[in-house]
Amino acid sequence: MKFEIMRDRLLDGLNDVTKAISSKTTIPILTGIKIDVTDNGVLLTGSDADITIQTFIPAEEDGNQIINIVETGSIVLQARMFNEIVRKLPTNDVEIEVKNELQTHIRSGKTEFHLIGSDASEYPLLPEISTENRFEIPADLLKSVIRETVFAVAASESRPVLTGVNWNIENDELICVATDSHRLARRKVKLENLPNGIESIVIPGKSLNELNKILGETSNPVEITMSNQQILFKTDHVLFFSRLLEGNYPDTSRLIPNEFKTNIKLDGKTFLQAIDRASLVAREDRNNVVRFETLEDDAVKISSNSPEIGKVEEQIPVESIEGEELVISFSAKYMMEALKAIHGQDVIIQFTGAMRPFILRSVHDDSILQLILPVRTY
Amino acid sequence: MARVIFHVDMNSFYASVEQAYHPELKGKPIAIAGNPKERRGIIVTSSYEARAKGIYTTMNVAEALKTCPELIILPPDFPKYREASKAIFTILKSYTNLVEPVSIDEGYMDVTEVSKERHPLELAKEIQLRIFNELDLPCSIGIAPNKFLAKTASDMKKPMGITVLRKREVREKLWPLPVLKMHGIGESTAKKLHTLNIYTIGDLAKADERLLKQKLGKNGVRLIRRANGIDTREVDPNAIYDTKSVGNSTTLPYDIIEMKDIETTFLKLSEKVAERLEAKNLCGSTITIQIRDCHWKNQSKSKTVQNPIYLEKDIFREAMELFSKAWDGTPIRLLGVTVSNVIDKKHFAEQLSIFNFEQFAKEEPIYEIIHSMEKKFGKGIVQKGIDVKKKSYASKTSFSKDFFDDLIDK
């Protein structure tokens, strides 16, 4: 195996695939990066057994030569070491050659590294996914769907299935739901040509976070292929495989109320700033509690009180209050994250009682819906 | 301004109290053991006469009797020790209000003010003599400009010692000693320090602060300061009332391995911890379990929960969950449960979840009534439950400071 490549292009590829590599893996070979050289280009693979990322660097792009392939072949190189070496090479031209099976030479300018690689045939095979259930979504839309839901997944492993985002396909809609049991984020997207073979899957939150880092802010389509155990996201040059979470995702649809006792329309930005201020004194408290109270004449009072730190009180005007008066306490953190996910000015908050979940959404539609469970004070 | 701090440390406290109550035991080797009949009888403390014959704390009863057949072993009598402790602190408080009890048998005094009129050494002698004459109990007193040095000083001469330790003497008196001799350094910290080539207190004093911070965290920085004789902690008379954690542990009468025995033990421990939390109106968000196996290997495992807990069933559930993750099947000698990061239950706010909100939703009408009454008559007109402090001696060991709660409402 022997090829010459531009260092920048190799680094870009390494950046993508190393996102999947974990130093904590129990399979030693997975601390390495697999390099496959074919006549068409170089394929890099990184994996932690849950996530596998592959990126392809073509030999030629738009008529420009990027890689000069001398001899095809495969090798696995220690990921962290290889990455550091490439990063620190003196020139932009890199030559990589494997001799005597595993002896790897990395040359740049007058520098030459010798690394001992591992046998590529020992590297685990890629998961196989049948191409039956497939659809497309623009990369930037997928990124926002991820951002608007993944923050709400559970951090603790006590209910493993809640550490993932639940994707449901219902007719022409993809419905994504995440909840850590204390709040919930739901995003609905209308898409064309959705498959009907698989209705519900749970994607690990960690996988989606990594995917979000790799995807660019473009409207280029991402091709998504689902099976019962795996999901594959495919862009021009990157393949992103993720294992799915097993177990039944709780039915969250019944949690979202249909009738409300108090409806408040307000400016999301102003409200977010007020909650942010109130959380300054609430922060020390583990549950970060803020008290919210409706006042007369279209205003609400936000207050927080931590005995050891101090208190804060603020009144803000709102667009309108309909229905019953209300006093409720909730986590400032959850409220801020929900408001950020809606990222709109015109927000409606709908309550059904001080001890029941309430929802937030844009006044205009319910494509992004956030639900928060209140805090009960002693 | 330089302060004058005393550390008053009672000498073999339980044994001395027994000898004061029973003068016929004076001059004889006696020891207090957890439970002389069962195996868990380990020596908690012993008189100086017994120590001279090779008896030491943590020795088990059988071994102790082999070493010293004439040893008189007594069961602990905590009410008696508590009584004596109260009397001691009453004497200390007659000199200054700045008395900080640390445990049942030791405490700090800030005598800076008193020292303006009387020489500290003379004062220490008087306190030592009063405790000896009035209560028939020996103690050692350390005199120093801060708590750390005072504690170090009281340890230098026992029994009935009075030692002055000046900051300028740290280099000569402390630096040659191995780090393990320093207060605040146990076996595991000492081991970590050894890996950094720090063997004496002097090495520690000159260690690189950044390196130690990396290895030991905040504690590393604190230890370097202490090794240089620096300690800025004030004598805080109320420190003892700030409960930081509530925990109970028990050494089992025999090594256990059956899940049923383990559950029974955890249930009892959880019950005790819950009772003590209840007595102090506390709840806590971190739970820790301690396991000591038959080879004396200790391990602890902890977890922080979103909603503070205080109920026996919740403590038990979390403890069992931690246990199942931590236990490797080795027979168990000791089990312990601790709830820490405690706060007053009044400040407790429970984050509801999608799985439990419905049971709370039933209470909504009550909250609505409270709210409407508050609006009419002012805040605080209605309160949930009543603050009644219960007494609890669910922990009756030497390590518990619960009984100091009785001193507070005088």
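Residues numbered from 1 in each chain as written. Chains lettered and ligands numbered in written order. Predicted model: local features only at pLDDT ≥ 70, side-chain atom pairs only at ≥ 80, totals over all residues. Heavy atoms only, no water.

To be explicit about the condition: UniProt positions are given in the numbering used here, feature names are shortened, and annotations may be inferred rather than shown by experiment.
By the naming in an unreviewed UniProt entry, chain B goes by DNA polymerase IV and is assigned to Ureibacillus thermosphaericus. The Catalytic activity (unreviewed entry) comment attached to chain B in UniProt states, word for word, "DNA(n) + a 2'-deoxyribonucleoside 5'-triphosphate = DNA(n+1) + diphosphate". Its UniProt record gives chain B the following Sequence similarities (unreviewed entry) comment, quoted word for word: "Belongs to the DNA polymerase type-Y family."

Under an unreviewed UniProt entry, chain A has the name Beta sliding clamp and belongs to Ureibacillus thermosphaericus. Entered under Subcellular location (unreviewed entry) in the UniProt record, the comment concerning chain A runs "Cytoplasm". Listed under Subunit (unreviewed entry) in UniProt, the entry text for chain A is "Forms a ring-shaped head-to-tail homodimer around DNA."

1. So, the pattern of salt bridges
Note the following rule: A side-chain nitrogen of Lys or Arg and a carboxyl oxygen of Asp or Glu constitute a salt bridge if their distance falls within 4 Å. Burial status follows relative accessibility: with a 1.4 Å probe on protein chains alone, a residue under 20% of its type maximum counts as buried, one over 50% as exposed, and anything between as partly exposed. Numbering of helices and strands starts at the N terminus; helices are DSSP runs of H or I of at least 4 residues and strands are runs of E of at least 2.
Applying the stated criterion across every chain yields a total of 47 salt bridges over all chains. Arg107(A) is paired through a salt bridge with Glu112(A); the nearest N and O atoms lie 3.2 Å apart. Exposure remark for Glu112(A): the relative accessible area of 38% places this residue in the partly exposed category. The closest approach of N and O atoms between Lys303(B) and Glu321(B), which form a salt bridge, is 3.4 Å. Here Glu321(B) lies in helix H13 (residues 312-326) and Lys303(B) lies in strand S11 (residues 298-309), a separation of 18 residues in the sequence. Classification of Lys303(B) as partly exposed rests on a relative accessible area of 22%. Since its relative accessible area comes to 30%, Glu321(B) is described here as partly exposed. Connected through shared salt-bridge partners, Lys303(B), Lys313(B), Asp314(B), Arg317(B), Glu318(B), Glu321(B) and Lys325(B) make up one network.

2. Some points on the domain arrangement of chain A
Stated precisely, the cut-off is as follows: Here the limits of each domain have been adopted from an automatic or database domain assignment.
On domain assignment, one finds that chain A holds domain 1 (2-122), domain 2 (136-253) and domain 3 (256-372). For domain 1 of chain A versus domain 3 of chain A, the separation of C-alpha centres amounts to 51 Å.

3. Topic: the sheet that holds strand S7 (residues 67-71) of chain A
All names here are of chain A. Here is the rule: Strands pair, by our definition, only if DSSP identifies at least two bridges between them. With axes taken as lines fitted to C-alpha atoms, and helix axes fitted only over the stretch in contact, angles between N-to-C directions fall between 0 and 180 degrees.
Within the open sheet, the five strands sit side by side as S7-S1-S9-S10-S11. Their pairing is antiparallel. Each of the sheet's edge strands pairs with one partner strand only, and the pair in question is S7 and strand S11 (111-116). Averaged over all adjacent pairs, the angle separating strand axes in this sheet is 15°, with direction ignored. One ladder, built from five bridges, connects strand S1 (residues 2-6) with strand S9 (residues 93-99); its direction is antiparallel. By the bridge assignment for S9, Glu-4 is matched with Glu-95.

4. Here we look at the UniProt feature "binding site: Mg(2+)" (unreviewed entry) in chain B
Residue and element names in this part refer to chain B. Stated formally: Note on contacts: a residue pair qualifies if any of its non-hydrogen atoms lie within 4.5 Å across the two residues.
UniProt's feature table lists "binding site: Mg(2+)" (unreviewed entry) at Asp-9 and Asp-105, given in the numbering used throughout. A maximum C-alpha distance of 6.3 Å places the annotated residues, which cover 97 residues in sequence, within one compact spot. Accessibility expressed as a relative area gives 12% for Asp-9, which makes it buried. Its place among the elements puts Asp-105 in the loop between strand S5 (99-103) and strand S6 (106-110). In contact with Asp-105, other than residues within four places in its own chain, are Val-8, Asp-9, Met-10 and Phe-13.

5. Focus on helix H4 (residues 78-93) of chain B
Spelled out, the test is: The span you would expect from a helix comes to 1.5 Å times its residue count less one.
Between its terminal C-alpha atoms H4(B) stretches 22 Å, which fits the 22 Å expected from 16 residues at 1.5 Å a residue. For H4(B), the elements touching its buried residues are strand S1 (5-10), helix H1 (13-21), strand S2 (30-33), S5, S6 and helix H5 (120-135) of chain B.

6. What to know about the packing of aromatic side chains
For clarity, the threshold we go by: Only Phe, Tyr and Trp rings take part, Trp by its six-membered ring, and two of them pair if their centres are within 6.5 Å. Stacked means planes under 30 degrees apart, edge-to-face means over 60, and tilted covers everything else. Ring-over charges, as used throughout, are those where CZ of Arg or NZ of Lys falls within 6 Å of the ring centre and within 35 degrees of the ring normal.
Within the structure shown, the criterion is met by 14 aromatic pairs over all chains. Aromatic side chains Tyr14(B) and Tyr81(B) sit 4.2 Å apart centroid to centroid with 5° between the ring planes, which places their arrangement in the stacked category. Note that Tyr14(B) is positioned in helix H1 and Tyr81(B) in helix H4, a separation of 67 residues in sequence. Overall, the relative accessible area of 0% leaves Tyr81(B) in the buried class. Taken together, Phe271(A), Phe292(A), Phe330(A), Phe351(A) and Phe358(A) form an aromatic cluster joined through their ring pairs. Seen from the ring of Phe355(B), Arg159(A) lies directly overhead, with NZ or CZ sitting 3.7 Å from the centre. Positioned above the aromatic ring of Tyr21(B) is the side chain of Lys80(B), whose terminal nitrogen or guanidinium carbon lies 4.8 Å from the ring centre.

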